[in-house]
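Structural overview for review
Chain by chain, the residues run as shown.
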Amino acid sequence: MEVVNCYRYLGCTFSTNGRFNENSKILAQKGLKALFKLTKSFEGDWPSFATSMHLFNSMIKPILSYSADACALYSGGEEDINFDKILKSSIEKVHQRFLKYAIGLNKHTVLISLYGETGMFPIVLEQINSALYFTSRLQRMPENSLLKKCYEESKLNLMKNSHQSNLNHIMKNNTNISRAQINQVLAYNKQSFISFWRSKLHDDSKNINGNKLRHYRSFKSNFCREKYLDILEYKPLRSKLAALRLSSHSLNIEMGRRVPFNLRLPPKERLCNKCELQTCENEFHFTLECPFYKELRSKLLKELQERFHMLSEYDISQTYVCLITNNDDFVIRKFAKYIHECFRLR
């Protein structure tokens, strides 16, 4: 009999080290193939964001989550979930790639902002939940069941990162798993991820010029799916609005980051080359200050002020916050169209 490092059984790859990293990589490759096939079928005409996510959940996520009932607890580990590691995992990269495609964002988009903008959680949280339900089912099986006997045997293995040791940590050593407890685990993991998201949003320690998301965090405080994603069914509109919000665009404030470090200017010196104001071409300047877009801007503000009279009383900073955070369907459509036209004019 041949000695091998990996063995595939019923579509699940087992490794000699008892981990499922290789299985995750293979599933990610299959998921990526399904993603490419799905995106190719759109031929550039993407459906709405809601429809896109429905297709992902129906056609791609099941591939990524195959065998999660047996494998997902190994992602939890004997410590709290390491979200930095999870976001770099092969399976989660497929999820991130689809979100970028569905919204219309480029490869320079900060990953953590994708989750806050869409209200999505890493797939592994659902996978852990699924694994707990499967374990609960094993516990309720008859004592003479072969599966129950295998489960009881696995409980004797308490080595580090074994199924049972990870289960003990996740369930706080509570051996009898109930539906209520599983829901509590999911709620705890989701809240932990939201806390992780907030800490990353305000972490300026890795860049001398501060976090790239300093613009995003100035108006984004809640972890939730933004309404414009569902309102703007035409992808180019939601793409440009999302790009402005997430600083994933071609303005000089962002393009100044994509040069060798020794040539990189401080943010305030990345000046607008469309006007003579000698000011930084950031999102605020692009939207409400730059004279180059004066005609488009005047048309937008006139239409909005006719419908929302209080806008005429706002100063320029209040107007910007109102526009970029507004949840009114009319404002979202008008503002997204304005941003799209400004980028096209630029």
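In case you missed it, the structure is sitting above this.
As a starting point, this report considers the structure included with it.

Cut-offs used in this document
- Residues numbered from 1 in each chain as written.
- Predicted model: local features only at pLDDT ≥ 70, side-chain atom pairs only at ≥ 80, totals over all residues.
- Heavy atoms only, no water.
- Helix = DSSP H or I, 4+ residues; strand = E, 2+ residues; numbered from the N terminus.
- Buried < 20%, exposed > 50% of the residue type's maximum accessible area, 1.4 Å probe, protein only.
- Contact = heavy atoms within 4.5 Å.
- Areas by Shrake-Rupley, 256 points an atom, 1.4 Å probe, with all protein chains shown as cover.
- Lys, Arg positive; Asp, Glu negative; His and termini not counted.
- Charge placed at Lys NZ, Arg CZ, Asp CG, Glu CD.
- Pairing = 2+ DSSP bridges.
- Salt bridge = Lys/Arg side-chain N within 4 Å of Asp/Glu carboxyl O.
- Core = buried A, V, L, I, M, F, W, Y, C linked by side-chain atoms within 4.5 Å.
- Expected span 1.5 Å × (residues − 1).
- Phe/Tyr/Trp six-rings, centres within 6.5 Å; stacked < 30°, edge-to-face > 60°.
- 1 Å grid on protein atoms, 1.4 Å probe; cavity = no way out; pocket = protein on both sides within 12 Å on 5 of 7 lines; lining within 4 Å.
- Points joined across faces, edges and corners; volume = space filled by probe spheres on them.
- Nonpolar A, V, L, I, M, F, W, Y, C, P; charged D, E, K, R; others polar.
- Disulfide = S-S within 2.5 Å.
- Patch = residues over 30% accessible without salt bridge, like charges linked within 9 Å, V, L, I, M, F, W, Y side chains within 5 Å.

Further remarks concern the overall build of the protein chain. If you tally the helices and strands in the protein chain, you get 18 helices and two strands. Principal axes of the C-alpha set define a box for the protein chain whose edges measure 80 × 45 × 40 Å. Within the protein chain, the fraction of its 346 residues that count as buried is 46%. For the protein chain, contacts bridging at least 24 residues in sequence account for 67% of all contacts bridging at least 6. For the protein chain, the computed accessible surface area is about 18800 Å², with 53% contributed by carbon and sulfur atoms. Taking the 52 positively charged and 34 negatively charged side chains of the protein chain as two groups, their mean positions are separated by 4 Å.

Positive phi outside glycine occurs at S247, with the angle close to 55°. Mapped onto the elements, S247 comes out in the loop between α13 (235–245) and α14 (252–255). Under the relative-accessibility criterion, S247 is labelled buried at 4%. In this model, Q278 sits at a positive phi of 55°, which is unusual for a non-glycine residue. Note that Q278 resides in the loop between α14 and α15 (283–289).

Relative to strand β2 (residues 12–15), strand β1 (residues 6–9) runs antiparallel, the two being bridged by four bridges. Bridge assignment links R8 to a residue of β2, and that residue is T13.

Next up on the list: the pattern of salt bridges. By the definition in use, this model includes 14 salt bridges. Here K212 ties to E254 by a salt bridge, and the two come within 3.0 Å at their closest N and O atoms. Remark: E254 occurs in helix α14 and K212 occurs in the loop between α11 (179–201) and α12 (228–231); sequence separation between them is 42 residues. Salt-bridge contacts for R346 lead to E281; the nearest nitrogen and oxygen are separated by 2.9 Å. Highlighted residues: R346 in the segment after α18 (329–345) and E281 in the loop between α14 and α15, separated in sequence by 65 residues.

What follows concerns the nonpolar core. One finds F98, L132, F193 and F335 to be the most contacted residues of the largest nonpolar core, which totals 90 residues. Residues contacting L132, with those up to four places away along its chain left out, are L73, L167, I170, M171, I177, I182 and V185.

A few words on helix α1 (residues 21–42). The terminal C-alpha atoms of α1 lie 32 Å apart, and with 22 residues this matches the ideal 32 Å at 1.5 Å per residue to within 8%. Listed in full, the buried residues belonging to α1 are N23, I26, L27, A28, G31, L35, L38, T39 and F42. Where α1 is buried, its residues meet β1, β2, α2 (49–64), α3 (68–71) and α6 (90–103). Residue E43 follows α1 closely and has a positive phi angle near 50°.

This next bit is on the packing of aromatic side chains. On inspection of all chains with the given rule, the structure shows 18 aromatic pairs. Ring centres 6.4 Å apart and planes at 45° place the aromatic pair W46 and Y101 in the tilted group. One end of the pair, W46, is in the loop between α1 and α2; the other, Y101, is in helix α6, with 55 residues separating them in the sequence. When the centroid spacing of 5.7 Å and the interplanar angle of 90° are considered together, the rings of Y216 and F219 count as edge-to-face. Each member of the pair Y216 and F219 is classed as buried. Taken together through their ring pairs, the aromatic side chains of F83, Y115, F121, F193, F196, W197 and F223 make up a single cluster.

Another aspect to go through is empty space enclosed by the protein. The final tally for this structure, using the stated rule, is one cavity of 30 Å³ or more. By volume, the largest cavity is sized at about 80 Å³. Elements that contribute at least two residues to the lining of the largest cavity include exactly α13, α17 (316–325) and α18. Its residues placed into classes, the lining of the largest cavity shows seven nonpolar, three polar and three charged.

Here we take up the state of the cysteines. Here is the idea: a disulfide is a covalent bond, and it sits between the sulfur atoms of two cysteines. All told, the structure shown has zero disulfides when counted by the stated rule. Cysteine C272 remains unbridged, with the sulfur of C275 as its closest cysteine sulfur at 3.8 Å. For C272, a relative accessible area of 5% translates into the label buried. On the basis of relative accessible area, C275 is assigned to the buried category, the value being 13%.

Next up on the list: a nonpolar patch on the surface. Taken together, the side chains of V4, Y7, Y9, L10, F14 and Y66 define a hydrophobic patch exposed on the protein surface, amounting to about 650 Å² of accessible area. Within the secondary structure, V4 is located in the segment before β1.

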